[in-house]
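Listed here are the chains, written in short residue letters.
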Protein chains: 2
Amino acid sequence: MASLRNTERQTDDETLVETPDLEEFIGYNLKRAYVIVQADFRRALGEDGFAPRVFSALSLVVQYPNVTQSGLARMLGIERSGLVAIVDELERRGLLKRTHVPGDRRVQALVPTDKGAKAYAEARAAVRAHEDALFADLSGDEKATLIGLLAKIRAHEG
Amino acid sequence: MASLRNTERQTDDETLVETPDLEEFIGYNLKRAYVIVQADFRRALGEDGFAPRVFSALSLVVQYPNVTQSGLARMLGIERSGLVAIVDELERRGLLKRTHVPGDRRVQALVPTDKGAKAYAEARAAVRAHEDALFADLSGDEKATLIGLLAKIRAHEG
DNA sequence: TATTGTTATACTCTATAACTATA
DNA sequence: TATAGTTATAGAGTATAACAATA
């Protein structure tokens, strides 16, 4: 038997009583928690609602109008190629427009439509309601602490 | 403009200075943090190392020998069908065996091999080293707090 | 009828590489 | 040469539905 850790202890009948190793790992807990949150996000936004990544993209386009696709991909931490389908969906739904900028005809600046800004405001309210309900058993302090600790992990981004 | 929240404020030159909405959402921060952790996990375990879900499955098989596939799937929170490829890989690598149990010939109890137990002990050490390094800027208290808060979210499992 | 393990299948998310049009 | 957007493609990871064997 390998080294004993604080979560394992020998009982007098030689049975090993354990908290499973996995529960010690931050990565495992992060994954399991995220599965719950994203499932509830999808349920809350409904069949025709935004997927998390589409909501995130729309959020940034509304808050940073004229962002380029490359810039948006960088902000989201995904590849440019992966962003195309997301922007396609938002454009197809009439929530943003690809526009050419004078001076560099390569770039496509993304501009939210009025419909897009309105849809985002509604979706944001729905997401806030979903998080308020799902995390009702966490205090405001706990939620702030959690976000702060996740931000410390996110400091390793890039 | 929709309602102002505490992260948005009007400045005297009419510019909206913001912490982007996304940063307020626990779900978004969870996702971004998990992406970092799982990427570092894979980097740390290397080309021929275990993927996170394979490591998790092996961990449970070692700690709960004779667990059935259905039981393991339930513990991992995935479907039985999704477990087949994971168990196939672990069996192919000689780390566990599917064994029939007397009394119910439907079930396949999963038993770690000696090689599997040893491989798990080594992988567990590698994962601990990866987390220790990646989370070196978090105190022990912070790590415990984080796991506790994630556990509160995980209380919504099932 | 219900359950275990399995297969077939599809869908989402993501990445890599290569292409085009510009710069 | 380098960059922005795009396309083609592939690989994880996961789910649903149906099947055979067994209970």
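Residues numbered from 1 in each chain as written. Chains lettered and ligands numbered in written order. Predicted model: local features only at pLDDT ≥ 70, side-chain atom pairs only at ≥ 80, totals over all residues. Heavy atoms only, no water.

- Per an unreviewed UniProt entry, chain A carries the name HTH marR-type domain-containing protein and comes from Marivita lacus.

1. Description of the interface of chain B and chain A
And step 1. Listed as interface residues are 54 residues of chain B and, on the opposing side, 54 residues of chain A.
And step 2. It is Ile26, Arg128 and Arg154 of chain B that lose the most area in chain B upon contact with chain A, and together they represent 12% of the buried surface on that side.
And step 3. Run the count over chain B and chain A and you get ten salt bridges.
And step 4. Measuring nitrogen to oxygen at the nearest pair gives 3.3 Å for the salt bridge that ties Glu157 of chain A to Arg32 of chain B.
And step 5. Seen at the junction of chain B and chain A, the total is 30 residue pairs in polar contact (both at pLDDT 80 or more).
And step 6. Secondary-structure elements contributing two or more residues to the side of chain B that touches chain A are helix H1 (26-45), helix H2 (52-63), helix H3 (69-76), helix H5 (114-134) and helix H6 (140-154) of chain B.
And step 7. No other element matches the eleven residues that H1 of chain B contributes to the side of chain B that touches chain A.
And step 8. Tallied by class, the residues present in the side of chain B that touches chain A amount to 27 nonpolar, ten polar and 17 charged. (Contact = heavy atoms within 4.5 Å. Buried area = accessible area lost by both parts, 1.4 Å probe. Salt bridge = Lys/Arg side-chain N within 4 Å of Asp/Glu carboxyl O. Polar contact = N/O pair within 3.5 Å; in protein donor to acceptor, adjacent residues only side chain to side chain. Helix = DSSP H or I, 4+ residues; strand = E, 2+ residues; numbered from the N terminus. Nonpolar A, V, L, I, M, F, W, Y, C, P; charged D, E, K, R; others polar.)

2. Things to note about the protein's contact with DNA strand D
And step 1. The immediate surroundings of DNA strand D are formed by 20 residues, with Gln69, Ser70 and Arg80 of chain A together with Arg42 and Ser81 of chain B found nearest.
And step 2. Taking the atoms of DNA strand D that fall within 4 Å of the protein, sugar and phosphate contribute 63% of them.
And step 3. Separating a base nitrogen of DNA strand D from a side-chain N or O atom of Arg80 of chain A is a distance of 2.5 Å.
And step 4. A distance of 2.7 Å separates a phosphate oxygen of DNA strand D from a polar atom in the side chain of Arg42 of chain B.
And step 5. Each residue belonging to the surface near DNA strand D can be placed in one class, and the counts come to four nonpolar, six polar and ten charged. (Near = heavy atom within 4 Å.)

3. What about the packing of helix H6 (residues 140-154) of chain A against H1 of chain B?
And step 1. Packing of H6 of chain A against H1 of chain B brings their axes to within 9 Å, and their N-to-C directions diverge by 30 degrees. Considering their axes alone, H6 of chain A and H1 of chain B lie roughly parallel with respect to each other. Along this stretch, H6 of chain A crosses H1 of chain B, giving a crossing that reads as left-handed. Along its contact with H6 of chain A, which presents Lys143, Leu146, Ile147, Leu150, Ile153 and Arg154 of chain A, the element H1 of chain B presents Ile26, Tyr28, Asn29, Leu30, Arg32, Ala33, Ile36 and Val37 of chain B.
And step 2. When the residues that make up the contact of H6 of chain A with H1 of chain B are grouped by side-chain class, the tally is ten nonpolar, one polar and three charged. (Axes fitted to C-alpha atoms, helices over the stretch in contact; angles between N-to-C directions. Parallel < 35°, antiparallel > 145°, perpendicular 65-115°, else oblique. Left-handed = near helix turned anticlockwise from the far one by under 90°.)

4. Comments concerning the relation of the copies chain B and chain A
And step 1. Note on the copies: chain B fits chain A at an RMSD of 0.0 Å, the axial shift is 0.0 Å, and the rotation between them is 180 degrees. What we have between these two chains is a two-fold relation.
And step 2. A high fraction, 100%, of the interface residues of chain B reappear at the interface in chain A, so the copies pair face to face through one surface. (Least-squares fit on C-alpha atoms with pLDDT ≥ 70 in both.)

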